[in-house]
Amino acid sequence: MTRIPAEEHKDLLGREVKEDDHVAFSHHNTLYVGKVIKVTPKQVRVVPVGHGYWRAEGMLKYTSQCCLVGGPELTYHILKNC
């Protein structure tokens, strides 16, 4: 049996995306900041932060559609929108 290798999970700028990372992504013409809760062979499952109406399972996104965020800007965004 031949095993198909999993895709590398790189963001828009070429940085590796892992579980528990925070990323900026778009969904239905809106920009969100979310947390990666699961890494699948082709995509990542992302839950937006600061939005209580989202389902707990989040949504699947290709990592090429995401950009890693972090640092004080992320903390400010989370505190401002919660």
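Coordinates for the structure precede this section.
The residue numbering used here restarts from 1 in each chain and proceeds along that chain's sequence as written. Reporting of local features is limited, given that this is a predicted model, to residues whose pLDDT is at least 70; pairs of side-chain atoms are given and counted only at 80 or more, and all residues count toward the totals for whole chains, interfaces and linings. Working from all heavy atoms in the structure, the side-chain values ignore hydrogens and water.

A. Highlighting the pattern of salt bridges. What makes a salt bridge here is a side-chain nitrogen of Lys or Arg within 4 Å of a carboxyl oxygen of Asp or Glu, nothing more. Under the definition given, this model contains two salt bridges. In this structure, the salt-bridge partner of arginine 15 is aspartate 11, at a minimum N-O distance of 3.1 Å. Overall, aspartate 11 belongs to the buried group, its relative accessible area being 5%. Residue lysine 35 is joined to aspartate 20 by a salt bridge in which the shortest nitrogen-to-oxygen separation is 3.8 Å. One end of the pair, lysine 35, is in strand 2 (residues 30–39); the other, aspartate 20, is in the segment before strand 1 (22–27), with 15 residues separating them in the sequence. Type-normalised accessible area, obtained with a 1.4 Å probe on protein chains alone, sets the label of each residue: buried when under 20%, exposed when over 50%, and partly exposed for intermediate values. In this structure lysine 35 comes out as partly exposed when scored by relative accessible area, which is 32%. Residue class for aspartate 20 comes out partly exposed when judged on its relative accessible area of 49%. Helix and strand definitions here come from DSSP, where helices need a minimum of 4 consecutive H or I residues and strands a minimum of 2 consecutive E residues; each element is numbered from the N-terminal end.

B. Representation of the sheet that holds strand 4 (residues 59–61) within the structure. Strands pair, by our definition, only if DSSP identifies at least two bridges between them. Strand order across the open sheet formed by five strands is 4-3-2-1-5, with antiparallel pairing between neighbours. Here the strands that pair on one side only, and so sit at the sheet edges, are strand 4 and strand 5 (66–69). Within this sheet the neighbouring strands show an average axis-to-axis angle of 50 degrees, counted without direction. Summarising the sheet, strand 1 and strand 5 pair through four bridges and their orientation is antiparallel. Residue valine 23 lies in a different strand from strand 5, and its bridge partner there is leucine 68. Angles here are taken between N-to-C directions and fall from 0 to 180 degrees, while the axes themselves are lines fitted to C-alpha atoms, restricted in helices to the stretch in contact.

C. Region of the structure containing the side chain of lysine 61. Along the chain, lysine 61 turns up in strand 4. Residues counted as positive are Lys and Arg, residues counted as negative are Asp and Glu, and His and the chain ends are not counted. The charged side chain of lysine 61 is buried without a salt bridge, its nearest counter-charge being glutamate 57 at 14 Å. Residues adjacent in sequence count toward polar contacts only when both atoms are side-chain atoms; beyond that, a polar contact is any pair of N or O atoms within 3.5 Å, and within protein one must be able to donate a hydrogen and the other to accept it. In terms of polar contacts, lysine 61 uses its side chain to reach the backbone carbonyl oxygen of serine 26, at 3.1 Å. Polar side-chain contacts of lysine 61 include one of 3.3 Å to the side chain of histidine 27.

D. Summary view of the nonpolar core. We define the nonpolar core as a collection of buried residues of types Ala, Val, Leu, Ile, Met, Phe, Trp, Tyr and Cys that are connected through side-chain atoms lying within 4.5 Å of one another. Val17, Val23, Phe25, Tyr32, Val36, Val44, Val46, Met59, Cys66 and Leu68 together form the largest nonpolar core, which totals 10 residues. Those elements that provide at least two residues to this core are strand 1, strand 2, strand 3 (44–48) and strand 5. The contact partners of valine 46, leaving out residues within four places of it in the chain, are Val23, Phe25, Gly34, Lys35, Val36, Gly58 and Met59. Residues are treated as being in contact if the distance between any of their heavy atoms lies within 4.5 Å.

E. Summary view of the packing of aromatic side chains. A pair of Phe, Tyr and Trp rings is counted when the ring centres sit within 6.5 Å of each other, with Trp represented by its six-membered ring. The angle between the planes then sorts it: under 30 degrees is stacked, over 60 is edge-to-face, the rest tilted. Per the stated rule, a full pass over the model turns up one aromatic pair. For the pair phenylalanine 25 and tyrosine 32, a centre-to-centre distance of 5.9 Å together with 35 degrees between the ring planes defines the contact as tilted. What makes tyrosine 32 buried here is its relative accessible area of 10%.

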